[in-house]
Structure formats: structure tokens, C-alpha cells
Amino acid sequence: MVRPATVLLAGLAAACSPPATDWKAAPDPSIVAMTPAEAERVVQTLVAPPFLPAHDQVAPGPPRIVEIRMEIVEQEVEIAPGVFVWQMAFNGSVPGPVPVVHQWDWVDLTLVNGTSDTLSFGGAPNQMAHNIDFHAATGAMGGGDLTVVPPGREVGLMWRAVKAGLFVYHCAPGGEMVPYHVVTGGNGAILVLPRDGLRDGYGAPIRYDRAFYFGEQDYYVPVDEAGVAKRYDGFIAQMPDMIETMKALVPTHIAFNGRYGALTRDVRLEAAVGETVLMLHSQANNASDPHLIGGHGDWVWPYGKFGNRPLEGLETWHVVPGGTAAAVYTFRQSGTYAYLNHNLIKAFLYDAKALIHVEGEWDDDLMTTTFPARAMTPSGAAR
Ligand SMILES: [Cu+2]
């Protein structure tokens, strides 16, 4: 028998918070109402993509203030053989690092224009002002208006992660500087996990064993009369020609993680049969269509946002410009898999691709050779 008091309490709870769906719980009003003054502070050390910093998949307690530090570096990088670009790079990587927090946490950022030791990198000080616009943040151009910082200075910004998902961040100093800084590498993504972790389409918890972040970058490299990629003295000198090249809207180079071969040659991505891998993808300036050759997206969150019920068993999914994708896959078969943009021109004639090497037993029941290549048998004839 249900007591009247129980019915009353249930009615009050329903009036205070959105209803639970059949696959996720409603937010806890006391967590939403919490203030930063009540929150514990933690420091998160960021790492270079495609990897993520050490993190809990389920929030270990109430919302926290997560302190992160991002140093902006203007650096010249050989993005493809003989092709050099002055990048704008958060923490010296393209894309920038992936901070990992939980929904309703606060992000307390120190944004440094230069590096902390010498305020320079490779002997060359930064030349331009930069800032950061977090798509996961609320108000003031995503923080862009409050974080404009000249070379040799640093600025602080704290914001609350009110939405769960993978969200793009990028530099956005205004006008033509916005696309110039973004397509020279000034972008990345932040992962905001649900407090109780990921859930599949039935509401069951998902725990991943590994997570890889694929940042897809389009470049617009000017060439001389002979068609040779031009090289410049610095981030400012490169800008006028590059902006003219950008206006054609046709990338000259496309790469995962900043340069050709980054995730097929320079970094070896590994997993094992039976492991679940979270595959994160962003493109700050163009669309992309991720696909795992030889596998699938077991669960794929539309637009990379965890507040939506994930879709099951996809072959290829979509990243909108200035957006993300998130998918999990449990590997069932050993071998080498390619994770790529299934615009195959962008994958193979450019370099929008990565390899994942999976160790383990081969399962003949999933795939086997019935006979090797041999002379053709005429149709209808007995072999
Ligand atoms: Cu910038």
C-alpha cells in the first residue's frame, strides 16, 4: 500500500525537477543550486591529444571547481612534407587539450598568452592577442569577451558546465581574426560527462576502457606562382595571404591532430578485444563524417551531447561545423582499424584518418576466409 505521505513527497519532487525519462535520471535540484563557495577545488593537468587527462567517469562527489591552465603558443609546424604553417596552438598542440569535467562542475581557467617560463616559445614571442570561446559555457561570447589577452599576459575565467557532452572551444578575437586563428589550429574540445557517467539507449551504464580524441583540422596554405607552399616569418606575416586563400573555402590540407601522419605514424593508438573505446571527434570550422572501418558505433550520441538518448549500431555519423561527435565501440575482433572521415577524399588524398591497433584473439565466427583468391569458376559449373 502506498502511504499518503509518500505520494505527497513524490508530488513535491516532481514539481521541483524535470521528470526522469525511461533512460536517465532527472537532475538533483540540490546539485543544480550549489554555489562555487561550497565547492572543493581540484587541479587538472592537461595532456596532449589524442589522449585525455586522468579522470573519473562517475563524479566522485558534489560539483567541484576544476582548475586548468592553457598556454597559447604561436609556433611554426611542418604540417605535411615541405608545408609549414604558423599555428595558434593551445598548450602547443593542434587541436588543444581536452579538459574533462562533470556536468554542474565549474571550470576555473588561467589562459596564458605565451609560456610561463620565458613568455616565448622557440625563441619567438607571441605576436597577437588571443582569447577563448567555450561552446560549453554560458554568456559573454562563451567567455571570449572576458578572456582577450595580449602577448605576455594571462587572464582568468570561471564558468559552470551546465550541459553534458563534448563541446568545441576556440580562439575568437573578432572579425577576420576568428577564422584565421581557428584554421591555424586555435581550437579543441572539452568533455563534460554526466555526473552518473554515460548511459546506453536502455539506460544501462557504459564504462569505457580508453578514450581517444580526434581533432580534425582544415588548413589554407598559400602557394607561390610555381605552386610551392609559401613560408613566412611569423603569425602576423602569414595572415594576409592565408586569409585570401581561405576565401575560396577550399582547404589545401586536412589532418587529424594537426599534421599528416599524426595518428597513423607518430602516435600508435592501441586497444584490446573486449575493451570499450570512447571515440571523440571535433571539427571547429567544417563538417565531418566519422566512420570506423571494420567496426561500428555501438552507441553514438547525436551532436556529441549526452543529454540525448544515444543511437544504436551506426556505420557513419555526423559532426556539424563547430561541433562534435561521441561514440563508443567494444572491439570484438583483433586487427588494425581505421577511424576516419568517410569523405574518402578527405581521408586518403588529404589525411583525415587515424589507425587503432587491436590486440586479441581472432574470432572465426565473426569473419573467416572461405577460400583464397583462385581462378574463376564459370557460372553454374561445378567446382
Ligand atoms: Cu588566437
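Residues numbered from 1 in each chain as written. Predicted model: local features only at pLDDT ≥ 70, side-chain atom pairs only at ≥ 80, totals over all residues.

This paragraph deals with the overall build of the chain. Scanning the chain from N- to C-terminus turns up six helices and 21 strands. Radius of gyration (C-alpha) of the chain: 23 Å, near the 21 Å computed for a compact globule of 383 residues. Seen along its three principal axes, the alpha-carbon backbone of the chain occupies a region of about 85 × 80 × 35 Å. Here the chain holds 383 residues, and 40% of them are scored as buried. Restricting to contacts in the chain with at least 6 residues of sequence separation, those with at least 24 account for 74%. (Helix = DSSP H or I, 4+ residues; strand = E, 2+ residues; numbered from the N terminus. Rg over C-alpha atoms; globule rule 2.2 N^0.38 Å. Buried ≥ 20, exposed ≤ 12 C-beta atoms within 10 Å, placed from the backbone. Contact = placed C-beta atoms within 7 Å.)

For V32, the location among the structural elements is in helix α2 (residues 29-33). Owing to 14 C-beta atoms within 10 Å, V32 belongs among the partly exposed residues under this scheme. A sequence separation of 294 residues divides V32 from A326, and the C-alpha atoms of the two residues are 25 Å apart. Other than its neighbours up to four places away in sequence, V32 contacts P27 and W104.

This part takes up the UniProt feature "domain: Plastocyanin-like" (unreviewed entry) in the chain. Feature annotation in UniProt assigns "domain: Plastocyanin-like" (unreviewed entry) to the following positions: residues 212-360. Here residues 212-360 is 13% helix and 40% strand, with 19 Å between the C-alpha atoms at its ends. (UniProt positions renumbered as here; feature names shortened; annotations may be inferred.)

Attention now goes to the nonpolar core. For soluble globular proteins, nonpolar side chains are generally found buried alongside one another. Residues F167, A189, I190, L191, V192, L280 and A327 are the most contacted members of the largest nonpolar core, which totals 88 residues. When residues of this core are assigned to their parent elements, the largest contribution, six residues, is made by strand β2 (residues 65-80). Each of domain 1 (32-194) and domain 2 (211-359) gives at least three residues to this core. When neighbours within four sequence positions are excluded, L280 is seen to be in contact with L166, A189, L191, A211, F212, Y213, F214, T324 and A326. (Core = buried A, V, L, I, M, F, W, Y, C linked by C-beta atoms within 7 Å. Domains from an automatic or database assignment.)

Looking at the assigned domains, one finds that the chain contains domain 1 (32-194) and domain 2 (211-359). Domain 1 and domain 2 are separated by 19 Å when their C-alpha centres are compared. Counting residues at the interface gives 39 residues for domain 1, matched by 43 residues for domain 2. Among the residues forming the side of domain 1 that touches domain 2, the class breakdown is 27 nonpolar, eight polar and four charged. (Nonpolar A, V, L, I, M, F, W, Y, C, P; charged D, E, K, R; others polar.)

In this structure, strand β1 (residues 41-43) lies alongside β2, joined through three bridges in parallel fashion. Across the sheet, residue R41 finds its bridge partner in β2, namely I65. Pairing analysis gives eight bridges linking β2 to strand β5 (residues 106-113), with the strands arranged parallel. From the neighbouring strand, E67 faces β5, where its bridge partner is D108. Here β2 runs beside strand β3 (residues 83-90); their pairing, made up of eight bridges, is antiparallel. By the bridge assignment, Q75 is partnered in β3 with Q87. Connecting β2 to the next strand, β3, in antiparallel fashion are two residues, including G82 with a positive phi near 75°. (Pairing = 2+ DSSP bridges.)

Quick look at the sheet that holds strand β17 (residues 297-301) now. If you walk across this open sheet you meet the six strands as β13-β12-β15-β19-β17-β18, and the pairing is mixed. Two strands lie at the open edges of the sheet, namely β13 (253-256) and β18 (311-314), each paired on one side alone. Pairwise comparison of adjacent strand axes, ignoring direction, gives a mean angle of 25° for this sheet. Both strand β15 (residues 276-283) and strand β19 (residues 323-330) contribute to a ladder of eight bridges, which runs antiparallel. Within the sheet, the bridge partner assigned to V277 lies in β19 and is Y329. (Axes fitted to C-alpha atoms, helices over the stretch in contact; angles between N-to-C directions.)

A word on the sheet that holds strand β14 (residues 269-272). Strands sit in the order β14-β21-β20-β16 across an open sheet of four strands; the sheet is mixed. At either margin of the open sheet sits one strand with a lone partner, and together these are β14 and β16 (290-293). Across the sheet, the axes of successive neighbouring strands diverge by a mean angle of 25°, strand direction being ignored. The sheet contact formed by β14 and strand β21 (residues 353-359) spans four bridges and is parallel. Paired with A272 across the strands is E359, a residue of β21.

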